Amino acid sequence: MKKTFLSLCGCFVIMAAMAQNVSDPKYGVGAVPEVNGKIVFENSFSLSDLDNDKCFNVALAWAKGRFVSPTVIKSEITEQNKEERTYSLKVEEYIVFKNRPLTLDRTRIYYDFDVSIFNNICTVKMSNIRYLYDEDRNGGIRFTAEEWINDQNSLNKKKTRFLKSTGKFRIKTIDLKELLNNQLKEAVTGK
C-alpha cells in the first residue's frame, strides 16, 4: 500500500514537471505570432467547392450560438458585411485554469474575433487580446497579450520552460484559439 502511494506521488511529480517543459511545439517558441509588435492569431482553411454565401451564413450562425456559452460574459457583433462575407466580434469570456472545491483560478480574456470568407477560403483572426486576472483582489491586474504571452515574457531565457506566472496564460490562450478555429471549421465544412 505504501509503495503504491509513493509510486502515485512520484507520477504526479513527474507529470507536473513535464507540464512546465516546452516540449510541445504547439505551445513552444514561435507559437504566439506577432505582427508589427501585436499578437495576432490568424488561421485559414479551405472551403473546397462549398458555396461561399452559404458558408458565411453558417459561420455567422455558429458565432451567434458559440458566443453565448456559459464561459462568455459578453459578446457583440461590431461589424457585419454580407456582401463581402465578413464579420467581427468583441468578446469577453472566462478562461479557467483550475476549478476545484474552494479554489477557482481564472481570468477574463477580452479579444476581437474576425471572420472573412473569400474565394473558398475562410480566414479567422483573433487579436487585441487583453486579460483581467485576480479581479477579486483589489480590482485585479490588467495586462495585454504582448506583455504576457509572447516568447519573451512567457518562456525562460533558454526557451525550454514556461515561466510560472505567465505560462498558463499562453497555454490556455492557444487552446482557446484552436478550439474556436476547430469549432468554426467543423460548423462550416462538416469536418
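Here, residues in each chain are numbered from 1, in the same order as that chain's written sequence. Given that this is a predicted model, residues contribute local features only at a pLDDT of at least 70 and side-chain atom pairs are listed and counted only at 80 or more, while totals for whole chains, interfaces and linings are drawn from all residues. Working from all heavy atoms in the structure, the side-chain values ignore hydrogens and water.

1. Side note on the packing of helix α2 (residues 52-66) against helix α5 (residues 167-189)
Axes here refer to lines fitted to C-alpha atoms; in helices the fit is confined to the stretch in contact. Angles between the N-to-C directions go from 0 to 180 degrees. Helix and strand assignments follow DSSP, with helices taken as H or I runs no shorter than four residues and strands as E runs no shorter than two, numbered in order from the N terminus. Between α2 and α5, the shortest axis-to-axis distance is 9 Å and the interhelical angle comes to 135°. With respect to α5, the element α2 is oriented oblique. Two packed elements cross with a definite hand, and for α2 against α5 that hand is right-handed. Touching Cys 55, Val 58, Ala 59, Trp 62 and Arg 66 of α2 are Leu 176, Leu 179, Leu 180, Gln 183, Leu 184, Ala 187 and Val 188, all from α5. Tallied by class, the residues present in the contact of α2 with α5 amount to ten nonpolar, one polar and one charged. When an angle is under 35 degrees it counts as roughly parallel; over 145 it counts as roughly antiparallel; between 65 and 115 it counts as roughly perpendicular; any other value is oblique. Two helices cross in a left-handed way if the nearer one is turned anticlockwise from the farther one by less than a right angle. They cross in a right-handed way if the turn is clockwise. Residue contacts are defined here by distance: any two heavy atoms, one from each residue, within 4.5 Å place the two residues in contact. For this scheme, ten residues count as nonpolar: Ala, Val, Leu, Ile, Met, Phe, Trp, Tyr, Cys and Pro. Four count as charged, namely Asp, Glu, Lys and Arg, and the remainder, Gly too, count as polar.

2. Side note on the nonpolar core
What we call a nonpolar core is a set of buried Ala, Val, Leu, Ile, Met, Phe, Trp, Tyr and Cys residues that are connected through their side-chain atoms within 4.5 Å. Here's how the labels work: a residue is buried when its accessible area is under 20% of the maximum for its type, exposed when over 50%, partly exposed in between, all with a 1.4 Å probe on protein chains only. One finds Phe 67, Tyr 87, Tyr 111, Phe 113, Ile 129 and Leu 184 to be the most contacted residues of the largest nonpolar core, which totals 42 residues. Looking at this core, the elements with two or more residues in it are β3 (41-46), α2, β5 (86-100), β6 (103-118), β7 (121-133) and α5. Those residues in contact with Ile 129 that lie beyond four places of it in its chain are Ile 39, Phe 41, Ile 109, Tyr 110, Tyr 111, Thr 144, Ala 145, Glu 146 and Thr 173.

3. A short note on the pattern of salt bridges
Whenever a carboxyl oxygen of Asp or Glu lies within 4 Å of a side-chain nitrogen of Lys or Arg, that contact is scored as a salt bridge. In the structure shown here, the tally under the stated rule is eleven salt bridges. A salt bridge links Glu 135 to Arg 108; its shortest N-O distance comes to 2.9 Å. Taken as a pair, Glu 135 in the loop between β7 and β8 (141-144) and Arg 108 in strand β6 lie far apart in primary sequence, 27 residues in all. What makes Glu 135 partly exposed here is its relative accessible area of 24%. Across the salt bridge formed by Arg 170 and Asp 151, the nearest N and O atoms sit 2.7 Å from each other. In this pair, Arg 170 is assigned in helix α5 and Asp 151 in helix α4 (residues 151-154), connecting sequence segments 19 residues apart. Residue Arg 170 shares its accessibility class with Asp 151, and that shared class is buried. Sharing partners across several salt bridges, the network here consists of Lys 26, Asp 175, Lys 177 and Glu 178.

4. Some details on the packing of aromatic side chains
Only centres within 6.5 Å qualify two rings of Phe, Tyr or Trp (six-membered ring in Trp) as a pair; their planes then separate them into stacked at under 30 degrees, edge-to-face at over 60, and tilted for everything else. As enumerated under the stated definition, the model contains twelve aromatic pairs in all. Three or more aromatic residues joined by ring pairs make a cluster, and in this case those are Phe 97, Tyr 131, Tyr 133, Phe 143, Trp 148 and Phe 169. Above the ring of Tyr 94, the side-chain terminus of Arg 106 is found at 3.7 Å from the ring centroid. The ring of Phe 97 carries the charged tip of Lys 168 above its face, separated from the ring centre by 4.8 Å. Both a distance and an angle decide whether a charge sits over a ring: NZ of Lys or CZ of Arg must be within 6 Å of the ring centre and within 35 degrees of the ring normal.

5. A look at unusual backbone geometry
Even without a glycine there, the phi angle at Leu 102 is positive, about 70°. Relative to the elements of secondary structure, Leu 102 occurs in the loop between β5 and β6. A residue is classified by how much of its surface remains accessible, and Leu 102, at 92% relative accessible area, is exposed. For Asn 128, which is not glycine, the phi dihedral falls at a positive 55°. Positionally, Asn 128 belongs in strand β7. Here Asn 128 falls in the partly exposed class, since its relative accessible area comes to 38%.

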